[in-house]
Amino acid sequence: MSKAENCISYNQRFDEAQSFLLSSPRSAPGAGQYTITATTQRPILLQSFGLQSNSAAGAVVQGMISDIKVAGQSLMVSDQSVAAGCFDYSNFGAENRVIGLTINNNQTVSVTGTPGAAASTGFAISAFPIEPSQVRTLKEQATRFNYIFGLPQTAIGAGASANVQATATRGCVLGEVRLVNQDVAAVPSSDLVITSFKIGGIEMLCGATGQQVPFAALEGGASDVLGLALNYPIESNSIVSITVQNIAAAGATVAGGIFVSPFSRA
């Protein structure tokens, strides 16, 4: 290879290396609803999605995401919002947060959400460089738009239980489960337990009656990535219901999300 060819090859690799992360401007500080949008200037494969809201002092603020869109198409597969904490950068299982869609120059990714308190929100998506010819049409990538099943923000009274419940809007295969304690200061996760987990009325907990699964088993810090994957196919209108018991003397607030199995989205 000539010196000129070596130079061209090097420049091509350097050019591709610029397809590293895709992000948007952060939202303006506040407690109201925001929509933040990123626009790519190169053809890329969207990989792991991460998001975080921070107060003026830098503390992480929990919240809810009502929609994530790629090229104008929603990635949500339930009738409920998803906890923003499901996408925190510190969570285990980054491979389950891979979007896996290809997009072309000037196509967008947008996120709409609401923080639980005054905060500024930003996101970043790791990107893999591809050739323009490798970008697939939206129709060709239809199954990859099945990304996240939202589980709504739910209040649980002191000493009470509540169902965190949502209905599927598309058929898909449910994968990794993540639950989020929206107010750790009020009630620590050690005072929350899961007593039932039903999909389409079928109980997923396989022990005898009286089970109390620690809430922490399904939080972002839980490292049992394979064990947290349901790999359970559902149809549109199927209901997912998780019963959470609060054994504390104060009220708690929880939410969550279930990532669609990446193996079912190819």
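Higher on the page you've got the structure.
Residues numbered from 1 in each chain as written. Predicted model: local features only at pLDDT ≥ 70, side-chain atom pairs only at ≥ 80, totals over all residues. Heavy atoms only, no water.

A. Highlighting unusual backbone geometry. In the Ramachandran plot, Asn106 falls in the positive-phi region, its phi being about 70 degrees despite a non-glycine side chain. Note on placement: Asn106 falls in the loop between strand 7 (102-103) and strand 8 (108-115). Even without being glycine, Asn231 reaches a positive phi, approximately 50 degrees. Mapped onto the fold, Asn231 is located in strand 16 (residues 229-234). Its relative accessible area of 47% is what places Asn231 among the partly exposed residues. (Helix = DSSP H or I, 4+ residues; strand = E, 2+ residues; numbered from the N terminus. Buried < 20%, exposed > 50% of the residue type's maximum accessible area, 1.4 Å probe, protein only.)

B. Spotlight on the nonpolar core. The biggest cluster of nonpolar side chains holds 33 residues, and the ones touching the most others in it are Leu46, Phe49 and Phe87. Every element with two or more residues in this core is listed here: strand 2 (34-39), strand 3 (44-54), strand 4 (63-70), strand 6 (82-83), strand 8, strand 9 (120-129) and strand 18 (252-260). When neighbours within four sequence positions are excluded, Phe49 is seen to be in contact with Ile68, Phe87, Arg97, Ile99, Val111, Phe123, Ala124, Ile125 and Tyr147. Residues Ala168, Val187, Ile242 and Val260 belong to the second largest nonpolar core, which totals 31 residues. (Core = buried A, V, L, I, M, F, W, Y, C linked by side-chain atoms within 4.5 Å. Contact = heavy atoms within 4.5 Å.)

C. Up close: the pairing of strand 3. Most of strand 3 is tucked away: nine of the 11 residues are buried. In this structure, strand 3 lies alongside strand 7, joined through two bridges in antiparallel fashion. In the sheet register, Ile44 faces strand 7, and the bridge partner there is Ile103. As paired strands, strand 3 and strand 9 are joined by nine bridges and run antiparallel to one another. Its bridge partner lying in strand 9, Asn54 is registered against Ser120. (Pairing = 2+ DSSP bridges.)

D. Main features of the packing of aromatic side chains. Considering all chains together, one arrives at five aromatic pairs under this definition. The interplanar angle of 90 degrees and the centroid separation of 5.7 Å between the aromatic rings of Phe87 and Phe259 together place this pair among those described as edge-to-face. Within this pair, whereas Phe87 is found in the loop between strand 6 and strand 7, its partner Phe259 is found in strand 18, the two being separated by 172 residues in sequence. (Phe/Tyr/Trp six-rings, centres within 6.5 Å; stacked < 30°, edge-to-face > 60°.)

E. The side chain of Ser74, seen in detail. Turning to its location among the elements, Ser74 is positioned in strand 5 (residues 73-74). Within polar-contact distance, the side chain of Ser74 engages the backbone nitrogen of Met76 at 3.1 Å. Ignoring anything within four residues of it in the chain, the contact list for Ser74 reads Asp67, Ile68, Lys69, Phe145 and Arg170. (Polar contact = N/O pair within 3.5 Å; in protein donor to acceptor, adjacent residues only side chain to side chain.)

F. Focus on the pairing of strand 4. Where burial is concerned, most of strand 4 is hidden: six out of the eight residues are buried. Pairing between strand 4 and strand 6: two bridges, direction antiparallel. Within strand 6, the position partnered with Ile65 by the bridge is Val82. Here strand 4 runs beside strand 5; their pairing, made up of two bridges, is antiparallel. Note on strand 5: the bridge partner recorded for Lys69 is Ser74. Here strand 4 folds back onto strand 5, and the loop between the two strands holds two residues, one of which, Ala71, carries a positive phi near 50 degrees.

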